[in-house]
Amino acid sequence: MDMGFEEYLHTLRVWDVELPHFDPEAAPDEPVPLFREWLMHAGRAGQAEPHTMTLATVDGDGRPDVRTLMLHGADAGGWWFGSHSTSAKGRQLALCPSAALGFYWPAVGRQVRVRGAVRPAGFDAAQADLHARSTGALAAALVGHQSEVLGSVAELAAASEAAWVRAAASPDTPVPTWTQYVLDPVEVEFFQGDARRRHVRLRYRRDGGAGAWGRELLWP
């Protein structure tokens, strides 16, 4: 007899590995250095694509939306990512320039959550970001039409092939709708999983998105 879906879910296990120790008392005064350390540690521990993240936004009706994309950087300015201004997320961020990011690294039982205001970084920064990436990234940006209705897979294949040829021949081709966004955080939470469910949660917060960071522990 086939196993039911809910029964199958109950068989799944998480963190069947030795999890790292996290001492919140030893954490730095600001979140970015700890985030960088955790991301690189996850990658070295075997986590595939540790720079992938979930981006949550809301639309004009207040309905939440979510998708997975790549992190382009994290520094004193904030957390950086790119997209077309005409995409669903671009339109949503134009209407409501606040968002949340989520990183999950099951190889080490760690999560990071980031919340804050989002702003576009400007045309020159966006083009520099795009042209520093791969030919495939430029080709995908040149295809455009992100989140629009597609007529057929064949239509996508033809547009993609043309875009790859153009990207290879002219690697500095500008893409006017490509936008680099930066999330300026007001909250950053670090979650270290524990096999006995005594998870360690450390949250950094600052009022108004400026000033010194405060830190506090959260119940799991």
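Now for a look at the structure at hand. (Residues numbered from 1 in each chain as written. Predicted model: local features only at pLDDT ≥ 70, side-chain atom pairs only at ≥ 80, totals over all residues. Heavy atoms only, no water.)

**What to know about the packing of helix 5 (residues 135-143) against helix 6 (residues 153-169)**
Interhelical geometry of helix 5 versus helix 6 gives an angle of 125° and a closest axis separation of 8 Å. Between helix 5 and helix 6, the crossing angle belongs to the class labelled oblique. Here the hand of the crossing between helix 5 and helix 6 comes out right-handed. Between helix 5 and helix 6, the residues in contact are Thr135, Gly136, Leu138, Ala139, Leu142 and Val143 and Leu156, Ala159, Ser160, Ala163, Trp164, Arg166, Ala167 and Ala168, respectively. Partitioned by chemical class, the residues of the contact of helix 5 with helix 6 number ten nonpolar, three polar and one charged. (Axes fitted to C-alpha atoms, helices over the stretch in contact; angles between N-to-C directions. Helix = DSSP H or I, 4+ residues; strand = E, 2+ residues; numbered from the N terminus. Parallel < 35°, antiparallel > 145°, perpendicular 65-115°, else oblique. Left-handed = near helix turned anticlockwise from the far one by under 90°. Contact = heavy atoms within 4.5 Å. Nonpolar A, V, L, I, M, F, W, Y, C, P; charged D, E, K, R; others polar.)

**Details of the pairing of strand 4 (residues 78-84)**
Of all seven residues in strand 4, seven are buried, a share of seventy percent or more. Bridge count between strand 3 (residues 73-75) and strand 4: three bridges; the pairing is antiparallel. Looking across to strand 4, one finds that Ala74 is bridged to Trp79. Joining the antiparallel neighbours strand 3 and strand 4 is a turn of two residues. Note that strand 4 and strand 7 (residues 178-192) share six bridges and pair antiparallel. Within strand 7, the position partnered with Trp79 by the bridge is Leu183. (Buried < 20%, exposed > 50% of the residue type's maximum accessible area, 1.4 Å probe, protein only. Pairing = 2+ DSSP bridges.)

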